[in-house]
Amino acid sequence: MTITTASAADPVQATVADKQAIFRAPVPEDGPAVWKLVENTPGLDSNSLYYYTLWFRDFADGSLVTTVNDELVGFLTGYRRPDEPDTYFVWQTAVNSRHGIPFLGVKLFQAAADQQVAKGVRYVEATVSAENKSIIMVLKQFAKKYSAPIETRVLFPSSLFADSHHDEVLYRIGPLSAD
């Protein structure tokens, strides 16, 4: 399987047996499918349908969706931080487990982050729960790929949130180089 740089004009493709996953830039029309995926993914913070539709209009450049046989099965939202334009923040990601392609979520994250590194990003950030071992492993694998250090700290303590929300632990990977 070969992964290449993703763009709206040249989507990334991954093939397993008769299934082909395509990573592409989202469009506002992807909002309903992504909202439904989030609603059906336990542990993911829910946002409104309007949020995803607007996000895909204004922040499509930092986000990706993945389809298998023309069905949207995953997404990643991210953006370049306004106060630190060399930092790419991954906001939210999910992949429907029934797509049948191993490590599709990992490949989606790597495709989005690699795309941003190719555009000059030197740091990748994400916040996660300390209990979310799978996402932490994805972040560690990405850091290893670039031989980059990871800094961690609590960005937002659980006390800021009204419900029984966890601490949001920031993982900051970098500096990175496209070399």
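Caption draft 1: Just the overall build of the protein chain, in detail. Helix and strand content of the protein chain: four helices and eight strands. Counted from the first residue to the last, the protein chain has its helices and strands arranged as β-β-α-α-β-β-β-α-β-α-β-β. Evaluated residue by residue, the protein chain yields a buried proportion of 42% over its 179 residues. Taking contacts inside the protein chain between residues at least 6 apart in sequence as the whole, the part at least 24 apart equals 58%. Surface exposure of the protein chain reaches about 9700 Å², of which carbon and sulfur atoms provide 54%.

Caption draft 2: View of helix α2 (residues 49–58). Of all the residues in α2, the buried ones are Tyr51, Tyr52, Trp55 and Phe56. Around the axis of α2, the buried residues are gathered within 125 degrees of arc, so they sit on the same side. Facing away from the buried side of α2, by more than 90 degrees, are the exposed residues Tyr50 and Arg57.

Caption draft 3: Here's a closer look at the packing of helix α1 (residues 31–39) against α2. Remark: α1 packs on α2, axes separated minimally by 8 Å, with the N-to-C direction vectors making an angle of 130 degrees. By the criterion of interaxial angle, the relationship of α1 to α2 is oblique. Handedness of the crossing formed by α1 with α2: right-handed. Here Gly31, Pro32, Val34, Trp35 and Val38 of α1 come into contact with α2, specifically with Leu49, Tyr52, Thr53 and Phe56. Residues belonging to the contact of α1 with α2 are distributed by class as follows: seven nonpolar, two polar and no charged.

Caption draft 4: Highlighting the side chain of Glu168. Take Glu168: it is sitting in strand β8 (residues 168–173). It turns out Glu168 is buried and unbridged, and the closest side chain with the opposite charge, Arg153, is 12 Å from it. With residues up to four places along the chain from it excluded, the contact list for Glu168 reads Asp45, Thr127, Val128, Arg153, Val154, Leu155, Phe156 and Phe161.

Caption draft 5: Expanded view of the nonpolar core. With 32 residues, the main nonpolar core has Phe109, Val124, Phe142 and Leu176 as its most contacted residues. For this core, the secondary-structure elements that each account for two or more residues are β2 (19–24), β3 (64–68), β4 (71–81), β5 (84–95), α3 (104–118), β6 (123–128), α4 (133–145) and β8. Here this core gets eight residues from one element, more than from any other, and that element is α3. Among residues more than four places away in sequence, those in contact with Phe109 are Leu76, Val90, Val124, Val138, Leu139 and Phe142. Val34, Leu37, Phe56 and Val65 belong to the second largest nonpolar core, which has 14 residues in total.

Caption draft 6: Structural context of the pairing of β8. Of all six residues in β8, six are buried, a share of seventy percent or more. Burial along β8 is two-sided: the face carrying Glu168, Leu170 and Arg172 and the face carrying Val169, Tyr171 and Ile173 are both buried. Inspection of the sheet shows β6 paired to β8 by five bridges, in the antiparallel sense. Each residue of the ladder has a partner; that of Ala126, found in β8, is Tyr171. Taken together, the six bridges between strand β7 (residues 150–156) and β8 define a ladder with antiparallel strand orientation. Paired with Phe156 across the strands is Glu168, a residue of β8.

Caption draft 7: Highlighting the packing of aromatic side chains. Enumeration according to the criterion identifies eleven aromatic pairs in this entry. Plain terms: the ring middles of Tyr51 and Trp55 are 5.6 Å apart, the flat faces sit at 40 degrees to each other, and that makes the pair tilted. In this pair, Tyr51 and Trp55 are both assigned in helix α2, four residues apart and thus about one turn of the helix distant. Since its relative accessible area comes to 17%, Tyr51 is described here as buried. Their ring planes at 35 degrees and their centres at 4.5 Å tell us that Trp55 and Phe59 sit as a pair that is tilted. We classify Trp55 as buried; its relative accessible area is 9%.

About the cut-offs
Residues numbered from 1 in each chain as written. Predicted model: local features only at pLDDT ≥ 70, side-chain atom pairs only at ≥ 80, totals over all residues. Heavy atoms only, no water. Helix = DSSP H or I, 4+ residues; strand = E, 2+ residues; numbered from the N terminus. Buried < 20%, exposed > 50% of the residue type's maximum accessible area, 1.4 Å probe, protein only. Contact = heavy atoms within 4.5 Å. Areas by Shrake-Rupley, 256 points an atom, 1.4 Å probe, with all protein chains shown as cover. Arc of directions from axis to C-beta. Axes fitted to C-alpha atoms, helices over the stretch in contact; angles between N-to-C directions. Parallel < 35°, antiparallel > 145°, perpendicular 65-115°, else oblique. Left-handed = near helix turned anticlockwise from the far one by under 90°. Nonpolar A, V, L, I, M, F, W, Y, C, P; charged D, E, K, R; others polar. Lys, Arg positive; Asp, Glu negative; His and termini not counted. Salt bridge = Lys/Arg side-chain N within 4 Å of Asp/Glu carboxyl O. Core = buried A, V, L, I, M, F, W, Y, C linked by side-chain atoms within 4.5 Å. Pairing = 2+ DSSP bridges. Phe/Tyr/Trp six-rings, centres within 6.5 Å; stacked < 30°, edge-to-face > 60°.

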